[in-house]
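Chain and residue survey
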Amino acid sequence: MPVFACLSVTVSAFLAIFTSQAWTLAFAFHQSLVTRSAEPDEAARALRLTRWQRFRRRLVLSCAIRGDQRARPEVRFSRGIGSFVAAVSAAERTDLLLLAIGAMIVMVVAVNVLF
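Conventions adopted
The numbers attached to residues start from 1 for each chain and follow its sequence in the written order. Residue-level local features of this predicted model are given only where pLDDT is at least 70; pairs of side-chain atoms are given and counted only at 80 or more, and the full residue set underlies all totals for whole chains, interfaces and linings. To get the side-chain values, take all heavy atoms of the structure and skip hydrogens and water. Runs of H or I in DSSP of at least four residues are treated as helices and runs of E of at least two as strands, each being numbered from the N terminus. In what follows, a contact means two residues having at least one pair of non-hydrogen atoms within 4.5 Å. Per-residue and other accessible areas were derived by the Shrake-Rupley procedure at a 1.4 Å probe size, with only the shown protein chains allowed to occlude residues. Salt bridges, as used here, are contacts in which a Lys or Arg side-chain nitrogen is within 4 Å of a carboxyl oxygen on Asp or Glu. Burial classes: relative accessible area under 20% of the type maximum marks a residue as buried, over 50% as exposed, and values in between as partly exposed (1.4 Å probe, protein chains only). Lines fitted to C-alpha atoms define the axes, with helix axes restricted to the stretch in contact, and inter-axis angles between N-to-C directions lie between 0 and 180 degrees. For classification, angles of less than 35 degrees are called roughly parallel, those exceeding 145 degrees roughly antiparallel, those between 65 and 115 degrees roughly perpendicular, and all remaining angles oblique. Here a crossing is called left-handed whenever its near helix is offset anticlockwise from the far helix by less than a right angle, and right-handed whenever the offset is clockwise. For patches, a residue must show more than 30% relative accessible area and have no salt bridge; joins then use 9 Å for like charges and 5 Å for nonpolar side chains, namely Val, Leu, Ile, Met, Phe, Trp and Tyr. Per residue, pLDDT measures the predictor's confidence, with a range of 0 to 100.

Our next topic: the overall build of the chain. The secondary structure content of the chain amounts to 5 helices and 0 strands. Reading the secondary structure of the chain in the N-to-C direction produces α-α-α-α-α. For the chain, long-range pairs separated by at least 24 residues make up 16% of all intrachain contacts whose partners lie at least 6 apart in sequence. For the chain, the accessible surface area stands at approximately 9,600 Å², while carbon and sulfur atoms represent 69% of it.

Put into structure tokens, the structure is as follows:
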């Protein structure tokens, strides 16, 4: 019985953390869908794109997180990992972008293990 209690607490904590993160992304995606203009959709229909093509090319690409578009292309380490990701994305440095994603993964795992 104590093993089941420990497992249920672990599963409930995991679900609480996952849903809190997933809801934020779901609401952000929904907001980006609601606030986008209708003209590109009309153009996609005029070009007779299929539903899948419209979803892939218009919705997914327009709702991607792009960061601050005013970020300078040079790489700066002093403002945090978010600005670093925006800067290396603007500079099209895929190697540094993968490094930043790896650093974020390591940080999330380390925080989850420690706390």
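Past the structure itself, the notes keep going.
Let us look at the pattern of salt bridges. Applying the stated criterion across every chain yields a total of 1 salt bridge. Measuring nitrogen to oxygen at the nearest pair gives 3.0 Å for the salt bridge that ties R93 to D95. You can call R93 partly exposed: its relative accessible area is 37%.

Looking at helix α4 (residues 81-90), one finds that the buried residues are S83, F84, A86, A87 and V88. Check the buried side of α4 and you find it contacts α5 (94-114). One or two positions beyond α4, positive phi appears at E92, with a value near 55°.

Their axes nearest at 9 Å, the elements α4 and α5 cross at an angle of 160°. It follows that α4 is roughly antiparallel to α5 by the angle criterion. The handedness of the crossing between α4 and α5 is left-handed. The segment α4 lies against α5, with I81, F84, V85, V88 and S89 engaging L96, L97, A100, A103 and M104.

For the rest of this paragraph, the subject is a nonpolar patch on the surface. Side chains of I81, L98, I101, M104, I105, V109 and V113 sit close together on the surface and give an oily, nonpolar patch of about 630 Å² of accessible area. Per-element accounting of the nonpolar patch gives the leading share, 6 residues, to α5. You can see I105 is positioned in helix α5.

A few words on the confidence of the model for the chain. Mean pLDDT over the chain stands at 76; residues scoring 70 or higher make up 77%. Mean pLDDT per element in the chain: helix α3 (residues 51-62) is the minimum at 73, and α5 is the maximum at 88.

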